[in-house]
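Chain by chain, the residues run as shown.
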Amino acid sequence: MPTDLDAVLAALPLVDHHVHGASAVPLDRTAFETLITESDRPIPAFMTQFDSQLGFAIRRWCAPVLGLPAHASPGDYLARRAELGAAEVNRRLLAASGIGRFLVETGYRGDEVLDVAGMAAASGRPVAEIVRIERVLEEVAATGVSAAELPHRFRAELAARCADAVGLKSIVAYRHGFAFTPEPPAEREVVAAAGRWLADGAARVEDPVLLRFGLWTGVDQGLPIQLHTGYGDPDVELHLCDPLLLTRWLKLVEPYGVDVLLLHCYPYQRNAGYLAQVFPHVYFDVGLGVNYTGSRSDAVIAESLELAPFSKILFSSDAWGPAELHHLGAHLFRRGLGRALRGWVDAGEWTSADAIRVATMIGVTNALRVYGLEPTP
Amino acid sequence: MPTDLDAVLAALPLVDHHVHGASAVPLDRTAFETLITESDRPIPAFMTQFDSQLGFAIRRWCAPVLGLPAHASPGDYLARRAELGAAEVNRRLLAASGIGRFLVETGYRGDEVLDVAGMAAASGRPVAEIVRIERVLEEVAATGVSAAELPHRFRAELAARCADAVGLKSIVAYRHGFAFTPEPPAEREVVAAAGRWLADGAARVEDPVLLRFGLWTGVDQGLPIQLHTGYGDPDVELHLCDPLLLTRWLKLVEPYGVDVLLLHCYPYQRNAGYLAQVFPHVYFDVGLGVNYTGSRSDAVIAESLELAPFSKILFSSDAWGPAELHHLGAHLFRRGLGRALRGWVDAGEWTSADAIRVATMIGVTNALRVYGLEPTP
Amino acid sequence: MPTDLDAVLAALPLVDHHVHGASAVPLDRTAFETLITESDRPIPAFMTQFDSQLGFAIRRWCAPVLGLPAHASPGDYLARRAELGAAEVNRRLLAASGIGRFLVETGYRGDEVLDVAGMAAASGRPVAEIVRIERVLEEVAATGVSAAELPHRFRAELAARCADAVGLKSIVAYRHGFAFTPEPPAEREVVAAAGRWLADGAARVEDPVLLRFGLWTGVDQGLPIQLHTGYGDPDVELHLCDPLLLTRWLKLVEPYGVDVLLLHCYPYQRNAGYLAQVFPHVYFDVGLGVNYTGSRSDAVIAESLELAPFSKILFSSDAWGPAELHHLGAHLFRRGLGRALRGWVDAGEWTSADAIRVATMIGVTNALRVYGLEPTP
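Just so you know, these numbers come straight off a predicted model, no measurement behind them. (Residues numbered from 1 in each chain as written. Chains lettered and ligands numbered in written order. Predicted model: local features only at pLDDT ≥ 70, side-chain atom pairs only at ≥ 80, totals over all residues. Heavy atoms only, no water.)

Brief notes about the relation of the copies chain C and chain A
So, step 1. Between chain C and chain A, the superposition needs a rotation of 120 degrees and an axial shift of 0.0 Å, giving an RMSD of 0.0 Å. Overall, the copies show the geometry of a three-fold rotation axis. Residues of chain C ranked by C-alpha distance from the rotation axis are headed by A299 of chain C, positioned 5.9 Å from it.
So, step 2. When the interface residues of chain C are mapped onto chain A, a mere 3% of them are again interface residues, pointing to distinct binding faces. (Least-squares fit on C-alpha atoms with pLDDT ≥ 70 in both. Contact = heavy atoms within 4.5 Å.)

A closer look at the pattern of salt bridges
Residue and element names in this part refer to chain B.
So, step 1. Across all of its chains, the model carries 87 salt bridges over all chains by this definition.
So, step 2. E138 is the partner of R175 in a salt bridge, and the nearest nitrogen-oxygen pair spans 2.6 Å. One end of the pair, R175, is in helix 9 (residues 172–175); the other, E138, is in helix 7 (residues 133–141), with 37 residues separating them in the sequence. Here R175 matches E138 in class, with each residue buried. (Salt bridge = Lys/Arg side-chain N within 4 Å of Asp/Glu carboxyl O. Helix = DSSP H or I, 4+ residues; strand = E, 2+ residues; numbered from the N terminus. Buried < 20%, exposed > 50% of the residue type's maximum accessible area, 1.4 Å probe, protein only.)

Observations concerning the sheet that holds strand 4 (residues 165–170) of chain C
All names here are of chain C.
So, step 1. The strand order across the open sheet formed by 7 strands is 1-2-3-4-5-6-7, and the pairing between neighbours is parallel. In this open sheet, the two edge strands, each paired with only one partner strand, are strand 1 (14–19) and strand 7 (282–284). Within the sheet, the average angular offset between the axes of one strand and its neighbour, ignoring direction, is 25 degrees.
So, step 2. Of the strand pairs in this sheet, strand 3 (residues 127–132) and strand 4 are connected by 4 bridges, and their pairing is parallel. Pairing of V131 across the sheet is with L168, part of strand 4.
So, step 3. Sheet contacts for helix 8 (residues 150–162): strand 3 and strand 4; angle to strand 4, the most-contacted strand, approximately 130 degrees.
So, step 4. Across the sheet, helix 13 (residues 269–278) lies against strand 6 (260–264) and strand 7, angled at about 150 degrees from strand 7, the strand it touches most. (Pairing = 2+ DSSP bridges. Axes fitted to C-alpha atoms, helices over the stretch in contact; angles between N-to-C directions.)

Looking at the packing of aromatic side chains
So, step 1. Evaluated as defined, the whole model comprises 45 aromatic pairs over all chains.
So, step 2. Here the aromatic rings of F32 of chain A and F50 of chain A are separated by 5.8 Å at their centres, their planes lie at 15 degrees, and the arrangement is stacked. With F32 of chain A in helix 2 (residues 29–34) and F50 of chain A in the loop between helix 2 and helix 3 (53–62), this pair connects stretches of sequence that are 18 residues apart.
So, step 3. Ring centres of W344 of chain B and W350 of chain B lie 5.0 Å apart, and the angle between their planes is 40 degrees; on these two criteria the pair is classed as tilted.
So, step 4. An aromatic cluster of at least three residues, connected via ring pairs, comprises F56 of chain A together with F310, W344 and W350 of chain C.
So, step 5. Of note, R59 of chain B hangs over the ring of F56 of chain B, and the distance from its end group to the ring centre comes to 5.4 Å. (Phe/Tyr/Trp six-rings, centres within 6.5 Å; stacked < 30°, edge-to-face > 60°. Lys NZ or Arg CZ within 6 Å of the ring centre and 35° of its normal.)

Structural notes on the relation of the copies chain A and chain B
So, step 1. In the superposition of chain A on chain B (RMSD 0.0 Å, axial shift 0.0 Å), the rotation amounts to 120 degrees.
So, step 2. Different-surface contact between copies: only 3% of interface residues of chain A are shared with the interface of chain B.

Observations concerning the UniProt feature "domain: Amidohydrolase-related" (unreviewed entry) in chain A
So, step 1. Here the UniProt feature "domain: Amidohydrolase-related" (unreviewed entry) sits at residues 156–373 of chain A.
So, step 2. End-to-end, the C-alpha atoms of residues 156–373 of chain A are 25 Å apart, and along that stretch the chain is 50% helix and 9% strand. (UniProt positions renumbered as here; feature names shortened; annotations may be inferred.)

Thoughts on helix 7 (residues 133–141) of chain C
Residues and elements named next belong to chain C.
So, step 1. In terms of residue burial, helix 7 counts as a mostly covered element, since 7 of its 9 residues are buried.
So, step 2. Restricting attention to buried positions, one finds in helix 7 the residues I133, E134, V136, L137, E138, V140 and A141.
So, step 3. Where helix 7 is buried, its residues meet strand 3, helix 8, strand 4, helix 9 (172–175), helix 10 (187–199) and helix 11 (208–220).

What about the sheet that holds strand 7 (residues 282–284) of chain B?
All names here are of chain B.
So, step 1. Read from one edge to the other, the open sheet built from 7 strands follows the order 1-2-3-4-5-6-7, with strand pairing classed as parallel. The sheet is open, and its two edges are formed by strand 1 (14–19) and strand 7, each paired on a single side. On average, each strand axis in the sheet is inclined to that of its neighbour by 25 degrees, with strand direction left out of account.
So, step 2. With 3 bridges joining them, strand 4 (residues 165–170) and strand 5 (residues 225–229) adopt parallel strand pairing. What sits directly across from L168, in strand 5, is I225.
So, step 3. With respect to the sheet, helix 8 (residues 150–162) is in contact with strand 3 (127–132) and strand 4, its orientation differing from that of strand 4 by roughly 135 degrees.

Considering the nonpolar core
So, step 1. Formed by 417 residues in total, the largest nonpolar core has its most connected members in W249 of chain A, W249 of chain B together with W249 of chain C.
So, step 2. Ranked by the residues each element gives to this core, the list is headed by helix 16 (residues 323–346) of chain B, at 11 residues.
So, step 3. Contacts of W249 of chain A, omitting those with residues within four sequence positions, involve F180, P182, L215, W216, V219, L227 and V260 of chain A. (Core = buried A, V, L, I, M, F, W, Y, C linked by side-chain atoms within 4.5 Å.)

Brief notes about the state of the cysteines
Residues and elements named next belong to chain A.
So, step 1. What the rule picks out here adds up to 0 disulfides over all chains.
So, step 2. Cysteine C265 remains unbridged, with the sulfur of C241 as its closest cysteine sulfur at 11 Å.
So, step 3. Given the relative accessible area of 0%, C265 is considered buried. (Disulfide = S-S within 2.5 Å.)

Some words on the pairing of strand 5 (residues 225–229) of chain A
Residue and element names in this part refer to chain A.
So, step 1. Burial within strand 5 is extensive, with 5 of its 5 residues counted as buried.
So, step 2. With burial as the criterion, each face of strand 5 is covered, one bearing I225, L227 and T229 and the other bearing Q226 and H228.
So, step 3. Note that strand 5 and strand 6 (residues 260–264) share 5 bridges and pair parallel. Within the sheet, the bridge partner assigned to Q226 lies in strand 6 and is L261.

This is the structure in structure tokens:
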């Protein structure tokens, strides 16, 4: 019989404050395996991505949601997945996740996954949008704008896109890392950099001046800003994505009254906890890393519960594509948070009431406050 | 019934080798909350610092010392604190800490907390002084000295201040970080830097030449030198306080026969353990981080017990202000060390006699040896 | 009664893919203590290296192999060791390790320890060779070669040495760290650097151009390349040995079809796990750190089981000298891996069959595949 804490954790209507759409198309084995790793390389013939913490967690926790025994083989799992069809798989996994609300970042290969409306339909839950700054910048560049016009046009477009959004996201981590000049660039620097970029075809924005321009224009919107930090695909140089490298930029942002949300952070979650303690506008989560560490995610979550005040920690799955990732993000988070808190309650260090209160803050209410959302019914 | 190891741990007369004075004035809720975080920002309206590992630990472990039930509410706790008065609160918390000796660093806002004599009176235990190098340098600068005189005057003043002290402390971590030229600066560089600093008002010393001059003058005193490393207030850029960045400086100090004590180190405690293994003159502790990680401090302490020989690990609380910090520093340290050692004894990996011996080294005798102190009666 | 997983783990014929020879000479207390630390400094009078995780592990686990009670005192242990003689000590400890095959790196003080044939004789197991690139470069330089001839002569010699080897090893970590230009140097740069080095006596190769030349010549051999990363003796500046600093170099090596094995990695094992996930040609182990963390090695091993697919993790002891290191490397690895896997099986997260399969991959079959070896009989 569950204790109150267990029951509360199981029922928490989590706010997944950084997530992407679920895949709505059939996925064969190769397609599925390439979506359960952050590697963008072909899967080597000598291995399967199912032989990983994430792969084992899918077989253990998602198989029963699809009506299979726990630990079903990869072949059986994917056959059952195909049999049910993407829509039913999504419906089951999203419902079983118990996620109460999704803040969907739409800027990454958005045409391959469900959009905001699609996620709302598939999950039956409220969905709000997070706008990816660099994507908007690239879209503006693709319209045939001149370098001189670009700053103004981008500002206008970003503001327009933010009208219906609840937050912004930056991937400067992927495009340059955090070793950048923290101050906003001068307008003429931006125009000069835009000129080079446009002349070059204006594909991926990687110029640090343009990235800083995007970031500071994001700050001007007044919405919370999410930053990818830490672990991700091989585009990152991981040591340049340590959130501590943002310290000077965070100090410059502080007077603007804008909240900054450090995403993922693995393996720098302790560093993020430091920033979240000393800076009132800094928050963090350990999404992404939770899914990919599977049976070890308890340890990652526990490390996130050190320096940061409990009002500064959030939940995200950072799922993209297979709804297994949305499901496991929530499942493993509930489990890891529960194991940590229950351990402290059982040892007499925390009261059960405090543990319930902290779980609710981290899982739900911190995000509602930061993003200015009403509780879901 | 406690095993022998439990009894020894509970009774260890810990040497708190890096600590500051306890607060001797009444603390209202705002004042108290600002003293239980390393943030120097006002507490945001949406949160309380009591909702943190440290806040929960205070309610759990300090409330009973003040005669309240464990887990008393923050309001009840602070009311009881006010009722007892600062002197009685200090007396109770310091006595219950079981700390046998305090090495008090007096250079940080020393007028707001008990001094060496005050700590001795409040605790009834022997107290010795640790001199903060940068504070002395700033005091000498404030006397109206010329740039040309400053090196000599500082050397003389530091030597005088060391006459009654048992060690030195540097906060170069806070003022510049560890990315500095490791060699001592030339005298003319020091004079030139002093000239600029004095012309500028000689407030906080932040010039790397002057900081290096302070550090090397510290080495010349022949006393053990403590360095703040790792976690601290937002003055630090935490990634620049990784003790590994001191490697070259440590190699230069090695021939001087001076012991170097790396303080706190969180989250770089494993890096500190490496330095303590390979360099005979390097020691470390995980103070500060223990208090601020509360229920997670066991994990931090366990990580400190990896590479370093057991003769190279020390105890500190790094408490400043509320005597809750002195108390918890000792309590959580005993608990975390005990849980690690007892686990290994119970698994048959260590003998109980070895565990007792190691606990005594880390808690007491290593510090006595390094600082040249006699055991307390 | 052991479960199947326990039995499998205990019997795994581990492939120790990075190890050195065992010491074949009598070791007095000073000699022995200097070989159970990565410090190269004299042991200070105030301490013994036996008071460390490694020292305690030797007394606990090796003493019974030599016919002593567990936890024998250092004095008793060394007396018994002397009584048995080096050959018998080696025979017992190597046999009890259950290591099925040794890949011996012969380039470090090879004249002081058993060579490939000696290790095969002492252990009764197959032994293959790993060639240390920098050692070969230094040997070529010592032959009286001219700067202009050096590139060609080194290429020929390295190729000759690789004829009977199964892999290469680089210690660029010790000689320069990983902050180097990742591209291969131009031939004229190599000749110029060789000229300076030869003129200077051509002792330790520390010039980054020559080290890069060595590394890229290693890549040209087509054999797997091992790189020391992370923890080691005080020659390293540990923060410059974070394997993440190799990211750009790893991307350049990727098209060559050469596997790269990141050795040790402590305390950067999580960073290594990231690289092993995203790059198909990258592998890692946590050898060396396992021995030196003793009772804490479970935690280090568990951290190695996070991001990396299970096909990308290997076993090594990195033992050099006392056969205690070979023995403990295997013993602690079996124990730590077993505790992690058994915990997940007991919690219902993994099947026992999967745990056995993963243990076999990490302990044996991954190494056989990477180095192109047949299973031992």
